[in-house]
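# A structural walkthrough
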Amino acid sequence: MYSMTGYGRGEYKKGGVELTVEIKTVNNRYLDAVIKAPRIFAAHEENIRGIIREKLTRGHADVFISFSDKREREKVLNLDENAARSYVAAADKISALFPEITNDLTVTSVLRYPEVLKSEDAAAADDEIIAAMVEALKSSLEKLNAMRKIEGEKLKCDMLSRMNTIEKLVSEVEVRAPLVVEGYRAKLEAKMKKILDNTEVDESRLLTEAALFADKSNIDEELTRLHSHISQFREICEEELVGRKLDFLVQEFNRETNTICSKSNDIEITRLGLALKNEIEKVREQVQNVE
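Summarised in this report is the structure supplied together with it. (Residues numbered from 1 in each chain as written. Predicted model: local features only at pLDDT ≥ 70, side-chain atom pairs only at ≥ 80, totals over all residues. Heavy atoms only, no water.)

### A closer look at the side chain of Thr25
Among the structural elements, Thr25 can be located in strand E2 (residues 17–26). At a separation of 2.9 Å, a polar atom in the side chain of Thr25 contacts the main-chain carbonyl oxygen of Met4. If near-sequence neighbours (up to four positions away) are discounted, Thr25 is found in contact with Met4, Thr5, Gly6, Leu56, His60, Ala61, Leu144 and Arg148. (Helix = DSSP H or I, 4+ residues; strand = E, 2+ residues; numbered from the N terminus. Polar contact = N/O pair within 3.5 Å; in protein donor to acceptor, adjacent residues only side chain to side chain. Contact = heavy atoms within 4.5 Å.)

### Here we look at helix H1 (residues 45–55)
All buried positions along H1 are accounted for by Ile48, Ile51 and Ile52. End-on, the buried residues of H1 take up no more than an arc of 100 degrees, which puts them together on one face. Counted as exposed and oriented over 90 degrees from the buried face of H1: Glu46 and Glu54. (Buried < 20%, exposed > 50% of the residue type's maximum accessible area, 1.4 Å probe, protein only. Arc of directions from axis to C-beta.)

### Section: the sheet that holds strand E4 (residues 59–69)
One open sheet accounts for four strands, arranged E1-E2-E4-E3; its pairing is mixed. Each edge of the open sheet carries a strand with a single partner, namely strand E1 (6–14) and strand E3 (31–36). Recorded for the sheet is a direction-independent mean angle of 15 degrees between the axes of neighbouring strands. Pairing geometry for E3 and E4, over six bridges, is parallel. Counted as the bridge partner of Val34 is Asp62 from E4. (Pairing = 2+ DSSP bridges. Axes fitted to C-alpha atoms, helices over the stretch in contact; angles between N-to-C directions.)

### So, a nonpolar patch on the surface
A cluster of nonpolar side chains, Leu77, Leu79, Val107, Leu111 and Leu117, forms an exposed patch at the surface whose accessible area comes to about 470 Å². Elements represented by at least two residues in the nonpolar patch include exactly strand E5 (76–79) and helix H3 (107–112). Looking at the secondary structure, you find Leu77 in strand E5. (Patch = residues over 30% accessible without salt bridge, like charges linked within 9 Å, V, L, I, M, F, W, Y side chains within 5 Å. Areas by Shrake-Rupley, 256 points an atom, 1.4 Å probe, with all protein chains shown as cover. Salt bridge = Lys/Arg side-chain N within 4 Å of Asp/Glu carboxyl O.)

### Considering the packing of helix H6 (residues 220–236) against helix H7 (residues 243–263)
For the pair H6 and H7, the least separation of the axes is 10 Å and the interaxial angle reads 160 degrees. As judged from the angle between their axes, H6 and H7 are roughly antiparallel. Where H6 crosses over H7, the handedness of that crossing is left-handed. The segment H6 lies against H7, with Glu222, Leu223, Arg225, Leu226, His229, Ile230, Gln232, Phe233 and Ile236 engaging Lys245, Leu246, Leu249, Val250, Glu252, Phe253, Glu256, Thr257, Thr259, Ile260 and Lys263. The residue inventory of the contact of H6 with H7, partitioned by class, reads 10 nonpolar, four polar and six charged. (Parallel < 35°, antiparallel > 145°, perpendicular 65-115°, else oblique. Left-handed = near helix turned anticlockwise from the far one by under 90°. Nonpolar A, V, L, I, M, F, W, Y, C, P; charged D, E, K, R; others polar.)

### Considering the state of the cysteines
Tallying each qualifying case throughout the model produces zero disulfides. For Cys157, which is in no disulfide, the shortest distance to another cysteine sulfur is to Cys237 and amounts to 9.7 Å. On the basis of relative accessible area, Cys157 is assigned to the exposed category, the value being 52%. (Disulfide = S-S within 2.5 Å.)

### Quick word on the packing of aromatic side chains
Considering all chains together, one arrives at three aromatic pairs under this definition. With a centroid separation of 5.7 Å and 75 degrees between ring planes, the pair formed by Phe41 and Phe67 is classed as edge-to-face. One end of the pair, Phe41, is in the loop between E3 and H1; the other, Phe67, is in strand E4, and 26 residues separate them in sequence. Relative accessible area serves as the criterion here: at 27%, Phe67 is assigned to the partly exposed category. Judged by centre distance (4.7 Å) and plane angle (45 degrees), the ring pair of Tyr87 and Tyr113 falls under tilted. Taken together, the residues span a long stretch of sequence, with Tyr87 in helix H2 (residues 81–97) and Tyr113 in the loop between H3 and strand E6 (117–120) at a distance of 26 residues. Judged by relative accessible area, which is 30%, Tyr113 ranks as partly exposed. For Lys149, the ring lying beneath its charged end belongs to Tyr2, and the centroid distance is 5.2 Å. (Phe/Tyr/Trp six-rings, centres within 6.5 Å; stacked < 30°, edge-to-face > 60°. Lys NZ or Arg CZ within 6 Å of the ring centre and 35° of its normal.)

Written out as structure tokens, the structure is:
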């Protein structure tokens, strides 16, 4: 089991290339990755997202990439011939307009003018930089998942502990449920005797009324399903990617508990039902953080 909350940092430092990838994740219904990186990685964003999808299935991930290139490499300079011709032509025109001014234009001075020479950054997206980024990214994801695994185990322990509490409450409802019908029968008999001035009560009518009440307030199916849900919850917790399954299962927990509360004609079962809903809500909050 993995938590959706975590942090990972990966580094690459070789041959003058220093690159760092940091990933911070929080819970989210779907996988949403936001990449913040220098422009040289813009063309590789889909590759980055693909690597992230191999390790994450849900959650919001902020990915930060930074690097510096200290390799000694030959500078590549490109001459913009049109720009150079424009500068020279402009100088000649000024010289013709103002012959009294000396034309001191030189090759060196032209080279200094803007846009005449353009320097190519050979490291912009070369194979070494991309390989460094991939290595650092995978390292950060491994550390992220290690942290998420630890947090996931804590969530698992907490949810299983609450599941024990839920099971105990369900068992208490099971014990109480049969007594509700007996209590209703006794109250109904006492009420009828009082109304009929302590004369003999029609036993068949009493049994019929008690049976109707028992059928209306019967919660055996709901209790059986709750026990099944508890068993399924524990089994699912042994898997790795469980968030969506547990989310659906918790909804079923709520459905059965709501039905028990709506059928309840007993203050004690109502109290137990509300305690159940409280524990289920705590489990639901934890499930929201599970991948």
